[in-house]
Amino acid sequence: MRYDVLIIGGGPVGNYLASLLAGKLDIALVERKQSFGGKACTGIIGAESYERLDFPKKAVVNSLRGAVFHSSIQSFEIGRKSPQAYVVDRKVLERELAKRAIKRGAHYFVGTSFMGFKNGKARLQHLKETFEVEARYYVGADGIPSAVAREIGAKSNAEFLKGYELEVIGEFRKDFTEVWVNKEVNPDFFFWVTPVEEDLARVGTFGELSSLERFLRIRNLKPTSMVEFKAGSVGFGWRMPWVRNNVALVGDAALQIKPTTAGGIVFGSICAHNLARAILNYNLELYPKSCAEVMKQVSFGLKVRKIFKGLNQDGIEKIFQILGSDDAIEVIEEYADFDNHLRTFKALAKKPRLLTRLLMISPSLIRALI
Ligand SMILES: Cc1cc2nc3c(=O)[nH]c(=O)nc-3n(C[C@H](O)[C@H](O)[C@H](O)COP(=O)(O)OP(=O)(O)OC[C@H]3O[C@@H](n4cnc5c(N)ncnc54)[C@H](O)[C@@H]3O)c2cc1C
């Protein structure tokens, strides 16, 4: 079997790439699992990016207008009238993208694992049967533990964290997500409570499972009211190179993930778009260069993460005082962009009073951000 492109991994990014290329080139996709979805993921995607990327509406299960931020002693709210983010059903998202790709002519091999490269061909395994597929280009869209990244010798200096996400019954405000920052409960990350319905929310964090258990008690949610529990992982940093010879990495396999929120679907899909363009130009070298904007956002996110890790809860409380002030809320409500945190930060930094107060918290790092 020979194809123009073999995509390894049918998560959102692999399926999205397949949908972009199918009908223009001969595409095949292999997915190890026997059906799509099932990964630990809250499924929050910025509304503007969702429309721009033309993701399927059918996958949207809720719309969010804003967020309520809680520290251990304060809280403030940022919101707009229109939806700022969607909550999606990952299984529906992946299946709908796969359907699009298949209808445009892509060949799908589900329940089939990539085992490695041999003599320029991909070795695949379905049940106990092993076979080879040859392609002009290979794409590793196989997530954090990427076997393709390993095969091409991509190296990483990233910080890898375990993440937990559960669905729990309770009472929630349906159009606002909650963000809880309490370093005494979890020094590694914030907690989120993202409603799917008025009586159902996805709750999660990255770090130790025991901190999530403590948080559930603080938030008055019962572990015994859980209807789903999943674990996964995330990597904040770089895994390079993204291209070696005729092989490219995309999505989580290339760590195209926002270090501020751990969201990876949008950055991965933007990069998939750029990769599709490079493949259609038969020049993979164009791909990393065309992802400069995503790299800039990741780089900014890594600096924010460094600041977050260096702060104790007193520092978090100081940041909350600044971001929860009327001046800051006005700026954030006007400029906040779910997938462009750099833009929001720049808008805040243009207000001298806010900037001076931020500089007092971590002068060198805030200067580095500017
Ligand atoms: C707890 C948690 C919450 C998250 N919440 C959000 C969120 O709200 N919003 C957001 O944008 N992101 C979120 N993320 C991140 C998001 O899940 C990832 O960024 C996203 O799944 C990346 O998509 P992908 O297609 O690159 O990789 P994946 O979704 O990991 O897909 C990779 C696919 O490759 C397949 N595969 C792996 N190895 C092989 C192989 N050898 N052969 C064949 N197939 C293979 C896998 O089975 C999988 O289907 C969260 C992550 C975690 C852990």
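Before any of the text, the structure's been laid out above.
Residues numbered from 1 in each chain as written. Predicted model: local features only at pLDDT ≥ 70, side-chain atom pairs only at ≥ 80, totals over all residues. Heavy atoms only, no water.

Trainee: Sorry, what's going on with the site of the ligand here?
Mentor: As a structural note, the neighbourhood of the ligand is formed by 32 residues, with Glu31, Ile44, Arg90, Phe114 and Asp252 the closest of them. With respect to the ligand, the backbone of valine 13 contributes an N or O atom lying 3.0 Å from an oxygen atom. Separating an oxygen atom of the ligand from a backbone N or O atom of isoleucine 44 is a distance of 2.9 Å. For the shell around the ligand, the per-class residue count stands at eleven nonpolar, 13 polar and eight charged. (Near = heavy atom within 4 Å. Polar contact = N/O pair within 3.5 Å; in protein donor to acceptor, adjacent residues only side chain to side chain. Nonpolar A, V, L, I, M, F, W, Y, C, P; charged D, E, K, R; others polar.)

Trainee: Mind showing me how you'd approach the packing of aromatic side chains here?
Mentor: Describing an aromatic ring pair means giving the distance of the ring centres and the angle of the ring planes. Inspection of the entire model under this criterion finds 20 aromatic pairs. Arranged with centres 4.5 Å apart and planes meeting at 25°, the rings of phenylalanine 189 and phenylalanine 190 form a pair that is stacked. The pair formed by phenylalanine 189 and phenylalanine 190 is uniform in burial state, with each residue classed as buried. Between phenylalanine 189 and phenylalanine 206 the ring centres are 5.0 Å apart and the planes differ by 75°, which places this aromatic pair in the edge-to-face class. Taken together, the residues phenylalanine 189 in the loop between strand E14 (176-180) and strand E15 (191-197) and phenylalanine 206 in strand E16 (residues 200-206) connect sequence positions 17 residues apart. On the basis of relative accessible area, phenylalanine 189 is assigned to the buried category, the value being 2%. The rings of Phe189, Phe190, Trp192, Phe206 and Phe236 are connected pair by pair, giving a single aromatic cluster. (Phe/Tyr/Trp six-rings, centres within 6.5 Å; stacked < 30°, edge-to-face > 60°. Buried < 20%, exposed > 50% of the residue type's maximum accessible area, 1.4 Å probe, protein only. Helix = DSSP H or I, 4+ residues; strand = E, 2+ residues; numbered from the N terminus.)

Trainee: Is there a simple way to explain the sheet that holds strand E13 (residues 159-169) in this structure?
Mentor: Ordered by their spatial adjacency, seven strands build an open sheet running E6-E5-E14-E15-E16-E13-E17, and the pairing between neighbours is mixed. For this open sheet the edge positions go to strand E6 (75-79) and strand E17 (226-236), each flanked by a neighbour on one side alone. Going across the sheet, the axis of each strand differs from the next one's by a mean of 20°, ignoring polarity. Alignment of E15 against E16, held across five bridges, turns out to be antiparallel. What sits directly across from valine 193, in E16, is valine 203. (Pairing = 2+ DSSP bridges. Axes fitted to C-alpha atoms, helices over the stretch in contact; angles between N-to-C directions.)

Trainee: Looking at this structure, how should I read the pattern of salt bridges?
Mentor: On inspection of all chains with the given rule, the structure shows 18 salt bridges. Of the charged contacts, one joins glutamate 159 and arginine 305 as a salt bridge, the two residues approaching to 2.8 Å between their closest N and O atoms. Here glutamate 159, found in strand E13, pairs with arginine 305, found in helix H8 (residues 292-310); they are 146 residues apart in sequence, far enough to count as distant. The same class applies to glutamate 159 and to arginine 305, which are both buried. In this structure, a network of salt bridges that share partners links the residues Lys58, Glu96 and Lys99. (Salt bridge = Lys/Arg side-chain N within 4 Å of Asp/Glu carboxyl O.)

Fair warning: the whole summary comes from geometry, so function is off the table for now.
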